[in-house]
Amino acid sequence: MATVLDEVATTVKAVRERVGPSVVGVNRDGSGVVVGDGLVATNAHNLRGGEPVVTFPDGRQAQGAVAGVDVDGDLAVVRVDTGGAPAVQWADADAEPGLAVFGVANPGGRGLRVTFGTVSSVGRPFRGPRGRRVPASVEHTAPLPPGSSGGPVVDAAGRVVGLNTHRLGEGFYLALPVTEELRTSLDGLAEGRSRTRLRLGVALAPARAARKLREAVGLPEVAGLLVRAVEEDGPAARAGIRRGDVLTSARAGAGEAHVLGTPDDLHEALDAATDALELTVVRGVEEITVRVTFDPPAA
């Protein structure tokens, strides 16, 4: 047992020496990682409140600027003087359950943390900061303190297999997996191509809530998403959608209609749209068709 623990301790020290110089604090409550000369990757939720301040492991602080952000994907790139800090090395294979991993963080610049765990599962979806479904994650057990999101989870060789983003509690943590798609997204964000997804501008209740509410007021049962609130001057408001409407299906362009059983169904339809979305809406006992138009998303 002592031999195994000695090996873990030796690997933690090696990971700290190899990866630590690349792991930074972002603002007061986040971490990040150097991914190139003058470039730091972090979570989008770490960038609330103005231009970010980046703290390096030696204590140096530098004012950064947001190069690009994907709020729904919880990913961002900050441009900052990295002062020669090395870029991390990406893993060349997907993480698999059972892989020994190390969580590395610099919470708000308050000092490096390196912890040990294993990958407990992969492919688990979760919700981003605005409720959109992020389709996959690396779930692991390397314990991390608050402020660790945006830092890397690495293998024993110090290669990054994920970017920590979410604490599940009970000793489990989620990371965005390092895939070709994630690396392409980071490249685009570094070049200033923020990703903006279309938003309808409504707050929704699930289908079961729509059924119960309509039953309570004596209306026929309808399967769909109940509109709880409408954002003022948003796309839905401009199209005439009202609180209490039930959205039953959505069609983007000449594509097939999406039956709306969950908010994810609506997000899928929005992702397929470019400048307009056709919605079937039940208002009282009347079924109507509403065309929602959108401003072009930012490049």
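**Side note on the overall build of the protein**
Turning to step 1, where the next piece is worked out: For the protein, the count of helices and strands is five helices and 21 strands.
Turning to step 2, where the next piece is worked out: Projected onto the principal axes, the alpha-carbon positions of the protein cover approximately 70 × 40 × 30 Å.
Turning to step 3, where the next piece is worked out: Expressed as a percentage of its 299 residues, the buried residues of the protein come to 46%.
Turning to step 4, where the next piece is worked out: The long-range fraction of contacts in the protein, counting pairs at least 24 apart against all pairs at least 6 apart in sequence, stands at 58%.
Turning to step 5, where the next piece is worked out: Total accessible area computed for the protein in this model is approximately 14600 Å², and 49% of it derives from carbon and sulfur atoms.
Turning to step 6, where the next piece is worked out: Distance from the positive charge centre (32 side chains) to the negative charge centre (37 side chains) of the protein: 5 Å.

**Focus on unusual backbone geometry**
Turning to step 1, where the next piece is worked out: One non-glycine residue with positive phi stands out, namely asparagine 27, at about 55°.
Turning to step 2, where the next piece is worked out: Tracing the backbone shows asparagine 27 in the loop between strand S1 (23-26) and strand S2 (30-36).
Turning to step 3, where the next piece is worked out: In this model, aspartate 233 sits at a positive phi of 65°, which is unusual for a non-glycine residue.

**Considerations on the pattern of salt bridges**
Turning to step 1, where the next piece is worked out: Applying the stated criterion across every chain yields a total of nine salt bridges.
Turning to step 2, where the next piece is worked out: A salt bridge links arginine 124 to glutamate 139; its shortest N-O distance comes to 2.8 Å. Highlighted residues: arginine 124 in the loop between strand S9 (113-122) and strand S10 (126-127) and glutamate 139 in strand S12 (residues 138-140), separated in sequence by 15 residues.
Turning to step 3, where the next piece is worked out: Judged by relative accessible area, which is 8%, glutamate 139 ranks as buried.
Turning to step 4, where the next piece is worked out: Note that glutamate 278 and arginine 251 form a salt bridge whose closest N and O atoms lie 3.9 Å from each other. A residue pair is termed long-range when its members are at least 10 positions apart, and glutamate 278 in strand S20 (residues 276-283) and arginine 251 in strand S18 (residues 246-251) qualify at 27 residues.
Turning to step 5, where the next piece is worked out: Residue class for glutamate 278 comes out partly exposed when judged on its relative accessible area of 37%.

**Observations concerning the sheet that holds strand S14 (residues 160-169)**
Where strands meet in a sheet, backbone hydrogen bonds hold them as pairs that are either parallel or antiparallel.
Turning to step 1, where the next piece is worked out: Taken in spatial order, the six strands line up as S8-S9-S12-S15-S14-S13 and close into a barrel, and their pairing is antiparallel. Strand after strand, the sheet turns through a mean of 45° between neighbouring axes, direction not considered.
Turning to step 2, where the next piece is worked out: As paired strands, strand S8 (residues 100-105) and strand S13 (residues 152-154) are joined by two bridges and run antiparallel to one another. Residue pairing in the sheet places phenylalanine 102 in a bridge with valine 154 of S13.

**With respect to the sheet that holds strand S5 (residues 61-63)**
Turning to step 1, where the next piece is worked out: If you walk across this open sheet you meet the seven strands as S5-S4-S1-S2-S3-S7-S6, and the pairing is antiparallel. Strand pairing shows two members of the sheet lacking a second neighbour, S5 and strand S6 (65-70), which therefore form its edges. Neighbour-to-neighbour, the strand axes of this sheet turn through a mean angle of 30°, independent of strand direction.

**Details of the packing of aromatic side chains**
Turning to step 1, where the next piece is worked out: For the structure shown, the criterion picks out one aromatic pair.
Turning to step 2, where the next piece is worked out: Pairing phenylalanine 102 with phenylalanine 116 gives two aromatic rings, centres 5.4 Å apart and planes at 50°, and the pair type is tilted. Highlighted residues: phenylalanine 102 in strand S8 and phenylalanine 116 in strand S9, separated in sequence by 14 residues.
Turning to step 3, where the next piece is worked out: The partly exposed category is assigned to phenylalanine 116, whose relative accessible area is 36%.
Turning to step 4, where the next piece is worked out: One Lys or Arg, arginine 60, reaches over the ring of phenylalanine 56 and ends 4.1 Å from the middle of that ring.

**So, the pairing of S14**
Turning to step 1, where the next piece is worked out: When S13 meets S14, the two strands line up antiparallel, connected through three bridges. Paired with valine 154 across the two strands is valine 160, which belongs to S14.
Turning to step 2, where the next piece is worked out: The turn linking S13 back onto S14 is made up of five residues, and glycine 158 within it adopts a positive phi angle of 85°.
Turning to step 3, where the next piece is worked out: Of the pairings in the sheet, the one linking S14 to strand S15 (residues 172-177) comprises six bridges and is antiparallel in character. Residue pairing for S15: glycine 162 is matched across the bridge by proline 177.
Turning to step 4, where the next piece is worked out: Connecting S14 to the antiparallel partner S15 that follows it, the hairpin turn spans two residues, and glutamate 170 within it adopts a positive phi of roughly 55°.

Here is what the cut-offs are and how they apply
- Residues numbered from 1 in each chain as written.
- Predicted model: local features only at pLDDT ≥ 70, side-chain atom pairs only at ≥ 80, totals over all residues.
- Heavy atoms only, no water.
- Helix = DSSP H or I, 4+ residues; strand = E, 2+ residues; numbered from the N terminus.
- Buried < 20%, exposed > 50% of the residue type's maximum accessible area, 1.4 Å probe, protein only.
- Contact = heavy atoms within 4.5 Å.
- Areas by Shrake-Rupley, 256 points an atom, 1.4 Å probe, with all protein chains shown as cover.
- Lys, Arg positive; Asp, Glu negative; His and termini not counted.
- Charge placed at Lys NZ, Arg CZ, Asp CG, Glu CD.
- Salt bridge = Lys/Arg side-chain N within 4 Å of Asp/Glu carboxyl O.
- Pairing = 2+ DSSP bridges.
- Axes fitted to C-alpha atoms, helices over the stretch in contact; angles between N-to-C directions.
- Phe/Tyr/Trp six-rings, centres within 6.5 Å; stacked < 30°, edge-to-face > 60°.
- Lys NZ or Arg CZ within 6 Å of the ring centre and 35° of its normal.

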